[in-house]
Amino acid sequence: MFQLLVALYYLHENNVVYVDMKPNNILLDKDDNVTLTDFGISQFHNYTTTKNNRSRPTAPYSAPEILLDDKKYKPPIDIWGAGMIFYYMLTGKTLLSGGAYWERYREFCKIFGTPTERTWEGVTVLPNFYELNRSINFEEYDNNFPWTNDDLSLIHISEPTRQ
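Keep in mind that what you see is a predicted model, and the values were worked out from it rather than measured. (Residues numbered from 1 in each chain as written. Predicted model: local features only at pLDDT ≥ 70, side-chain atom pairs only at ≥ 80, totals over all residues. Heavy atoms only, no water.)

Novice: Can you tell me about the pattern of salt bridges, naming the residues and giving the values?
Specialist: This structure, assessed with the given rule, holds 3 salt bridges. Across the pair Lys30 and Asp31 runs a salt bridge whose closest N-O atoms are separated by 3.7 Å. Assessed through its relative accessible area of 76%, Lys30 is described here as exposed. A salt bridge links Asp70 to Lys74, with the shortest nitrogen-to-oxygen separation between them at 3.7 Å. (Salt bridge = Lys/Arg side-chain N within 4 Å of Asp/Glu carboxyl O. Buried < 20%, exposed > 50% of the residue type's maximum accessible area, 1.4 Å probe, protein only.)

Novice: Describe in detail helix H4 (residues 101-112), supporting the description with residues and values.
Specialist: Since the α-helix turns once every 3.6 residues, residues separated by three or four places project in the same direction. Spanning 12 residues, H4 covers 16 Å between terminal C-alpha atoms, matching the ideal 16 Å at 1.5 Å per step. Those residues of H4 that sit buried are Arg104, Tyr105, Phe108, Cys109, Ile111 and Phe112. (Helix = DSSP H or I, 4+ residues; strand = E, 2+ residues; numbered from the N terminus. Expected span 1.5 Å × (residues − 1).)

Novice: Kindly report on the nonpolar core, identifying the contributing residues and their values.
Specialist: The biggest cluster of nonpolar side chains holds 33 residues, and the ones touching the most others in it are Leu68 and Tyr105. Elements with a minimum of two residues in this core: helix H1 (2-13), helix H2 (64-67), helix H3 (76-91), H4 and helix H5 (129-135). Ranked by the residues each element gives to this core, the list is headed by H3, at 6 residues. (Core = buried A, V, L, I, M, F, W, Y, C linked by side-chain atoms within 4.5 Å.)

Novice: Give me the lowdown on the environment of Ile66, citing residues and values where you can.
Specialist: By the element assignment, Ile66 lies in helix H2. Ile66 gets classed as buried once you look at its relative accessible area, which sits at 3%.

Novice: Any details on the confidence of the model for the protein chain? Residues and values, ideally.
Specialist: Confidence in the prediction for the protein chain averages 78 pLDDT; 74% of positions are at 70 or higher. Contacts of residues 148-156 to residues separated by more than four positions or lying in other chains number 14 contacts, the stretch itself having pLDDT below 50. (pLDDT = per-residue confidence, 0-100. Contact = heavy atoms within 4.5 Å.)

In structure tokens:
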């Protein structure tokens, strides 16, 4: 996991957002060195004008801002994906496993709580925010994350600027 985070740090320092975090894109050699593969939907990021190329990352590892159709891909989506991979490594299952985007969003809300401007600044201006909240009938979910261990707090943060 440490090597994966170091690789993401390197990419982000060089203004690259990896985008498609998933176990299949992480290779280990015989000495357990990590290599990231498949940069097909990765993007250059200049922290002001990155535009979504409309390619979507692998569903179970997609950050909530992708589910809400954020038009800019930023480094926090990679951190979210790394957190989802960490969860998968610990439990053997994906945290958000629904098929359609609205199903994964509902799962996200049930686990982390329904995002609001108070918990995630700017969430209400994301293109799919109202549509997806309508699909779950604007149910207000509280945070029900399965662990409270401080070591896992990274994947507990849903607001992208705090990931």
